[in-house]
Amino acid sequence: MTFLAGDRIYVDESKARGYFIVGTGASAAHVPACERAIRTLVKPGQRRIHFTNESDSRRRHLLSCMARLDVRCAVWIAQGLPDKAARPLTLSALVESAAQAGATRLIVERDESVERADRRIISETLRRLNASVPFEHAAPHEHPLLWVSDAVAWCYSRGGEWARRAEPLVQHRATHL
């Protein structure tokens, strides 16, 4: 199992070349140190790290630094489906994994266009499992561990060398066709 009891899980996605949703798990005790370490990587003038906006050399450096953090990532992939079908499928699978592991919180990067649907998907999944995991949507600059999920999702959506470079962070990968 990728996530551990007591983990906080930070969720982001990439919609390029398929649908990739990533959860980054970290124990609550390690979150402050991980977030401090990631914040040191922000360049002057940046509010956050967003992999789309980084150069390749910087992406390699960021991945190397992120791989040294006490975090574990899981990736769910849906290929050949419209986003409206892929997001519920992958998000529900992630929530199920988080609930089964005993995660203590789920933080999803805010996208106002899908926030209402996300709340419904998460609530329905937790109800089906008879589980309780508090969840929230947050702006990316609020939680630096969202940046790890963003990085891994970006890498998987690019495939090839980038997916290989993200592998040290990834402990679980599931593909839904």
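In this report, the structure presented in the accompanying data block is examined.

## Considering the pairing of strand β1 (residues 7-14)
Here comes step 1: Most of β1 sits out of view: seven of its eight residues are buried.
Here comes step 2: For β1 and strand β2 (residues 19-27), the ladder comprises eight bridges, and the chain directions are antiparallel. From the neighbouring strand, Asp 12 faces β2, where its bridge partner is Val 22.
Here comes step 3: Between β1 and β2, which pair antiparallel one after the other, the connecting turn spans four residues, and Arg 17 there sits at a positive phi close to 60°.
Here comes step 4: For β1 and strand β4 (residues 105-109), the ladder comprises four bridges, and the chain directions are parallel. From the neighbouring strand, Tyr 10 faces β4, where its bridge partner is Ile 107.

## Quick notes on the packing of aromatic side chains
Here comes step 1: Counted under the stated rule, the structure contains three aromatic pairs.
Here comes step 2: With 5.7 Å between their ring centres and 65° between their planes, Phe 51 and Trp 154 make a pair best called edge-to-face. You can see Phe 51 sitting in the loop between α1 (31-39) and α2 (56-67) and its partner Trp 154 sitting in helix α5 (residues 145-158), a full 103 residues away along the chain.
Here comes step 3: Judged by its relative accessible area of 0%, Phe 51 is buried.
Here comes step 4: Residue classification places Trp 154 among the buried positions, given a relative accessible area of 7%.
Here comes step 5: Centroid distance Trp 154 to Trp 162: 5.3 Å. Interplanar angle 75°. Geometry classified as edge-to-face.
Here comes step 6: Taken together through their ring pairs, the aromatic side chains of Phe 51, Trp 154 and Trp 162 make up a single cluster.

## Things to note about the pattern of salt bridges
Where charged atoms of side chains with opposite charge meet at close range, the side chains can pair.
Here comes step 1: Applying the stated criterion across every chain yields a total of 13 salt bridges.
Here comes step 2: A salt bridge links Glu 13 to Arg 87; the shortest N-O distance between them is 3.1 Å. Of this pair, Glu 13 sits in strand β1 while Arg 87 sits in helix α3 (residues 83-101), and the two are 74 residues apart along the sequence.
Here comes step 3: Under the relative-accessibility criterion, Glu 13 is labelled buried at 16%.
Here comes step 4: Between Glu 124 and Arg 120 there is a salt bridge, with the nearest N and O atoms lying 3.5 Å from each other. Of this pair, Glu 124 and Arg 120 both sit in helix α4 (residues 115-129), four residues apart, which is roughly one turn of the helix.
Here comes step 5: For Arg 120, a relative accessible area of 43% gives the class partly exposed.
Here comes step 6: Bridged by salt links that share partners, the residues Glu 13, Arg 87 and Asp 118 form one connected network.

## Details of the pairing of strand β5 (residues 135-138)
The side chains of a regular strand alternate between the sheet's two faces.
Here comes step 1: With four bridges joining them, β4 and β5 adopt parallel strand pairing. Bridged to Val 108 within β5 is His 137.
Here comes step 2: Each parallel crossover has a hand, and for β4 linked through α4 to β5 it is right-handed.

About the cut-offs
Residues numbered from 1 in each chain as written. Predicted model: local features only at pLDDT ≥ 70, side-chain atom pairs only at ≥ 80, totals over all residues. Heavy atoms only, no water. Buried < 20%, exposed > 50% of the residue type's maximum accessible area, 1.4 Å probe, protein only. Helix = DSSP H or I, 4+ residues; strand = E, 2+ residues; numbered from the N terminus. Pairing = 2+ DSSP bridges. Phe/Tyr/Trp six-rings, centres within 6.5 Å; stacked < 30°, edge-to-face > 60°. Salt bridge = Lys/Arg side-chain N within 4 Å of Asp/Glu carboxyl O. Right-handed = clockwise from strand over helix to strand, strands pointing away.

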